[in-house]
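Remarks on the overall topology
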Amino acid sequence: MSSTASGFGRRNFLRTSGIAAAAIFGGAALAACTSAVSEQKAGGDDATPVRGGTLKVGIREDLVPANLLTNTAATPVVIGLVYESLIRYPNDTLEPQPLLAKAWQLAADGRSLSLDLRDDVKFHSGRPFTAKDVEFSLRTYADAKWSAQLRSSAAAVTGFDIVSPTRIVLQLAHPLSNIYDLLDTVPILDSETADKLGTGDTYIGTGPFKYVQRVPNSQLIFEKNPNYWVPERPYLDRVEVSIIPDPNALLNALKSGQIAAARELGYRDAENLGKSGGFTVHDLEGAELQAYVGVNVTEPTLADVRVRQAIAFSLDRERIINEVFRGAGYPLNVPWPKNSPAFDESRNTKYKRDVDKAKQLLGQAAKPPKLPLTFAPGYGEVAQIVQANLADVGIEVDLDPVDAATFVKQLTGQQFRGLWVTDHSWAQFVPSTLTVSAYPFNARRNASRYESPAYTAAADTAWQLPKGTGPDAVRAYQAVTDQLLEGLFLIEIGVRFQQYSTVNKVHGFAWTKRREPVLTDTFLS
């Protein structure tokens with residue numbers, strides 16, 4: 001995968017006091033907030049908004065319609081433009097803000113949540129949005145056929161009491177510390193066209209842009225929703241997304257003016273572009289990805305935790321962040337970014353690079369045979385450094401490049417033979433989401449084939465708390481961290497920021513915690 005250099009100017013956060021008030025007092029205050037939420041935006045932009053125009057965007061992967069409820073390939077673009085969720089987190093906090101739900105109340109025991117919905121929202125078809133659409137969307141998200149990553153949390157919503165078209169009460173099987181993660185993530189779907197979701201024929205949401213057309217492996221086209229519930233938004237008339245798999249072709253399209261925004265240029269290319277003038281590189285802060293080395297713990301020598309500890313001590317995390325990601329991230333031992341309530345600096349220093357310590361541990365264990373190190377396109381540079389780091393301590397690996405589809409199949413099907421390199425998401429949300437929803441971390445079934453009653457118990461305890469933040473939650477997350485650092489079935493490298501690079505005539509570019517572009521306030525000068 002790829003993306004860029006840090007340090008291209010600090011990012012500003014929209015402050016949310018007015019939106020928080022809207023959660024209490026309702027609609028008019030929210031409408032006045034224009035984009036209605038507190039996404040992160042590029043700072044230092046004093047340009048006067050201009051209406052009209054077409055934003056042309058380039059991305060490297062096409063939409064896979066069957067994966068619409070996962071956060072992969074072109075899905076974030078479609079979801080970000082066409083759909084909306086009930087609430088939305090600001091990118092710098094885990095405090096939910098109103099979106100399609102304008103107010104809510106969680107029961108003291110954490111077993112039910114009442115939601116008050118906006119009454120001025122319509123689907124792109126013209127049909128009013130109601131509480132029935134909330135029930136339909138949550139039930140669809142919980143359907144196993146979609147492989148949605150928060151499906152277990154959606155399945156824990158066991159009852160839907162529709163009080164009125166604008167009020168619904170969700171009954172929960174048990175307290176869900178990540179209930180707001182679920183409401184931030186699930187797109188509100190149109191039941192009348194849901195049978196077409198998996199075909200790519202049409203997508204009907206409530207968002208600022210309407211889906212127009214898809215040309216497979218070529219283009220996605222969207223146009224302004226003229227009846228959007230946020231007054232006088234969006235500014236743009238149209239968004240055209242081109243699928244440009246080759247990173248050099250993507251860079252050339254941006255530099256030549258064929259497109260005005262590009263997702264995931266090579267990190268070095270983006271770094272150079274940002275220094276050249278005329279372009280802005282946006283690190284998607286608050287939407288962190290985290291690179292890691294995965295371990296199949298059923299491989300006999302890797303079953304010895306001392307070997308896994310030796311791997312953890314061998315990694316030169318700083319070199320990977322600086323050389324591969326060009327400083328657009330930071331090294332980590334723990335699976336949580338620094339802004340997470342689960343992050344703890346003392347635990348984050350447990351496995352700093354120490355070649356002597358790694359060799360000592362390997363001397364106490366059986367020497368591993370030459371192992372495969374599997375990786376998908378975009379991870380070759382990381383894999384080469386990991387290979388060199390492991391060779392420094394006496395572990396030999398063969399680089400095993402595979403295509404993206406094969407890699408995902410091996411990840412979800414527990415098919416890796418030895419080690420692998422990739423990244424994970426979801427750590428930027430309430431920490432319990434990672435251990436019940438992310439494929440690599442799932443306590444009951446993960447890519448490493450790791451099983452531990454203590455880890456499962458710690459994950460369940462963190463998940464079933466009534467609140468996702470606060471002292472009790474932090475203690476629960478620290479217990480999860482300790483289990484992960486002890487088991488070491490995943491060995492963290494560090495955060496990397498996905499990036500969008502834009503020409504300077506693009507203003508008001510924003511994103512969600514899932515790296516979905518939010519173009520409600522975007523305009524072209």
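Along each chain, residue indices are assigned from 1 in the same order as the chain's sequence is written. Totals for whole chains, interfaces and linings use all residues, but because this is a predicted model, local features are given only for residues with pLDDT of at least 70 and pairs of side-chain atoms are given and counted only at 80 or more. Excluding hydrogens and water, the side-chain values take into account all heavy atoms of the structure.

Turning to the overall build of the protein, a few remarks are in order. Secondary structure elements are taken from DSSP: a helix is a run of H or I of four residues or more, a strand is a run of E of two residues or more, and numbering for both begins at the N terminus. Per the secondary structure count, the protein includes 16 helices and 25 strands. Here the radius of gyration uses the C-alpha set of atoms, whereas the globule reference equals 2.2 Å times the residue count to the power 0.38. Here the protein has a C-alpha radius of gyration of 23 Å; the compact-globule value for 525 residues is 24 Å, and the two agree. Taking the principal axes of its C-alpha atoms as reference, the protein extends roughly 70 × 55 × 40 Å. Residues counted as buried form 61% of the 525 residues belonging to the protein. Contact definition: two residues touch when any of their heavy atoms are within 4.5 Å. Partitioning the contacts of the protein with sequence separation of at least 6, the portion at a separation of at least 24 is 73%. The Shrake-Rupley method, run with a 1.4 Å probe sphere, supplies the accessible areas, and residue values consider only the shown protein chains as cover. For the protein, the exposed area adds up to about 19100 Å²; of that, 49% sits on carbon and sulfur atoms. Positive charges are assigned to Lys and Arg, negative charges to Asp and Glu, while His and the chain termini are left out of the count. Charge coordinates come from a single atom per side chain, which is NZ of Lys, CZ of Arg, CG of Asp or CD of Glu. Separation between the mean location of the 54 positive side-chain charges and that of the 57 negative ones in the protein comes to 1 Å. Each residue is placed in one exposure class: buried if its accessible area under a 1.4 Å probe, protein chains only, is under 20% of its type's maximum, exposed if it is over 50%, and partly exposed if it falls in between.

Attention now moves to the sheet that holds strand 7 (residues 112–117). Pairing between strands is defined by DSSP: at least two bridges between them are needed. Strand order in the open sheet made by the 4 strands is 6-7-9-8, with antiparallel pairing throughout. Each having just a single partner strand, strand 6 (101–106) and strand 8 (157–164) make up the two edges of the open sheet. Neighbour-to-neighbour, the strand axes of the sheet open up by a mean angle of 20°, direction not taken into account. As defined by bridge partners, strand 8 adjoins strand 9 (residues 167–172) across 6 bridges and the pair is classed as antiparallel. Bridging across to strand 9, Val157 finds its partner in Leu172. The strands touched by helix 4 (residues 131–142) within the sheet are strand 7, strand 8 and strand 9, with strand 8 carrying the most contacts at an inclination of about 170°. Under this scheme, a helix contributes an axis fitted over its contacting stretch, all axes are lines through C-alpha atoms, and angles between N-to-C directions fall in the 0 to 180 degree range.

Each helix should span, by expectation, one fewer than its residue count multiplied by 1.5 Å. Helix length check: helix 12 (residues 380–393) (14 residues) gives 21 Å between terminal C-alpha atoms against 20 Å at 1.5 Å per residue, within 8%. Of the residues making up helix 12, those classed as buried are Gly380, Val382, Ala383, Ile385, Val386, Asn389, Leu390 and Val393. A positive phi of about 100° marks Gly394, the residue just after helix 12.

With that settled, consider the packing of aromatic side chains. By convention, a stacked pair of Phe, Tyr or Trp rings (six-membered ring in the case of Trp) has centres within 6.5 Å and planes under 30 degrees apart, an edge-to-face pair has planes over 60 apart, and any other such pair is tilted. In the structure shown here, the tally under the stated rule is 16 aromatic pairs. Seen in terms of ring centroids, Tyr203 and Tyr211 are 4.9 Å apart; in terms of plane orientation they differ by 85°. Their pairing is edge-to-face. Overall, the relative accessible area of 10% leaves Tyr211 in the buried class. Seen in terms of ring centroids, Phe313 and Tyr351 are 5.0 Å apart; in terms of plane orientation they differ by 65°. Their pairing is edge-to-face. A residue pair is termed long-range when its members are at least 10 positions apart, and Phe313 in helix 9 (residues 305–314) and Tyr351 in the loop between strand 16 (329–331) and helix 11 (355–363) qualify at 38 residues.

Ranked by internal contacts, the top residues of the largest apolar core, which has 166 residues, are Leu86, Leu115, Phe222, Val386 and Leu419. Setting aside residues up to four positions removed in sequence, Phe222 forms contacts with Val77, Val78, Leu81, Val82, Phe209, Lys210, Tyr211, Val212, Arg238, Val239 and Val241. Among buried residues, the Ala, Val, Leu, Ile, Met, Phe, Trp, Tyr and Cys ones that are joined through side-chain atoms within 4.5 Å form a nonpolar core.

Turning next to the sheet that holds strand 15 (residues 289–295). Taken together, the 6 strands give an open sheet; going across it, the order is 16-20-15-19-17-18, and neighbouring strands pair in mixed fashion. Whereas interior strands pair on both sides, the edge strands pair on one side only; in this sheet they are strand 16 and strand 18 (397–401). Each strand of the sheet is rotated relative to its neighbour by a mean of 25°, with strand direction disregarded. Relative to strand 20 (residues 490–496), strand 15 is paired through 6 bridges, and the arrangement is antiparallel. Counted as the bridge partner of Gly294 is Leu490 from strand 20.

Two elements, strand 3 (residues 54–59) and strand 12 (residues 238–243), share 6 bridges in a ladder whose sense is parallel. Residue pairing across strands places Ile59 opposite Ile243, the latter belonging to strand 12. As paired elements, strand 11 (residues 219–224) and strand 12 share 5 bridges and run antiparallel to each other. Bridged to Phe222 within strand 12 is Val239.

Note: strand 3 against strand 13 (residues 261–263), 2 bridges, orientation parallel. Bridge pairing in strand 13 places Gly58 opposite Ala262.

Turning our eyes to something else, we now look at unusual backbone geometry. Here the residue pair Arg233 and Pro234 is connected by a cis peptide bond, since its omega of -5° sits within 30 degrees of zero. As for its position among the elements, Pro234 is in the loop between strand 11 and strand 12. One non-glycine residue, Glu264, adopts positive backbone phi at about 65°. Structurally, Glu264 can be placed in the loop between strand 13 and helix 8 (267–276). Within the chain, Arg326 stands out as a residue other than glycine whose phi angle is a positive 55°. Assignment of secondary structure puts Arg326 in the loop between helix 10 (317–324) and strand 16.

On to the environment of Glu84. Within the secondary structure, Glu84 is located in the loop between helix 3 (75–82) and strand 4 (87–88). Here the alpha-carbon distance between Glu84 and Asp184, two residues 100 residues apart in the chain, equals 8.7 Å. Once residues within four sequence positions are removed from consideration, Glu84 is found in contact with Leu99, Leu100, Val186, Pro187, Ile188, Thr206, Gly207, Tyr228 and Trp229. A distance of 2.5 Å separates polar atoms of two side chains, one belonging to Glu84 and the other to Tyr228. Definition of a polar contact: a pair of N or O atoms within 3.5 Å, with one able to donate and the other able to accept a hydrogen when the atoms are protein atoms, and with sequence-neighbouring residues admitted only if both atoms are side-chain atoms.

What follows is about the confidence of the model for the protein. Keep in mind that low pLDDT regions are not for reading the predicted coordinates in detail. Scored by pLDDT, the protein has a mean of 89; 91% of the residues are at 70 or more. Counting interchain partners and residues more than four positions distant, the pLDDT-below-50 stretch residues 1–44 has 135 contacts. The score called pLDDT rates the predictor's confidence residue by residue, from a low of 0 to a high of 100.

This part is about the pattern of salt bridges. Throughout this description, the term salt bridge denotes a Lys or Arg side-chain nitrogen within 4 Å of a carboxyl oxygen of Asp or Glu. Applying the stated criterion across every chain yields a total of 26 salt bridges. Linking Asp190 and Arg127 is a salt bridge whose minimum nitrogen-to-oxygen distance equals 2.8 Å. With a gap of 63 residues between them, Asp190 in the loop between helix 6 (179–185) and strand 10 (209–215) and Arg127 in the loop between strand 7 and helix 4 connect regions that are remote in the sequence. As far as burial versus exposure is concerned, Asp190 and Arg127 are alike and both buried. One salt bridge in this structure joins Asp460 and Arg444, with 2.7 Å as the shortest N-O distance. Placement of the pair is Asp460 in helix 15 (residues 453–463) and Arg444 in the loop between helix 14 (432–437) and helix 15, with a sequence separation of 16 residues. Residue Asp460 is classed as buried on the basis of its relative accessible area, which comes to 16%.

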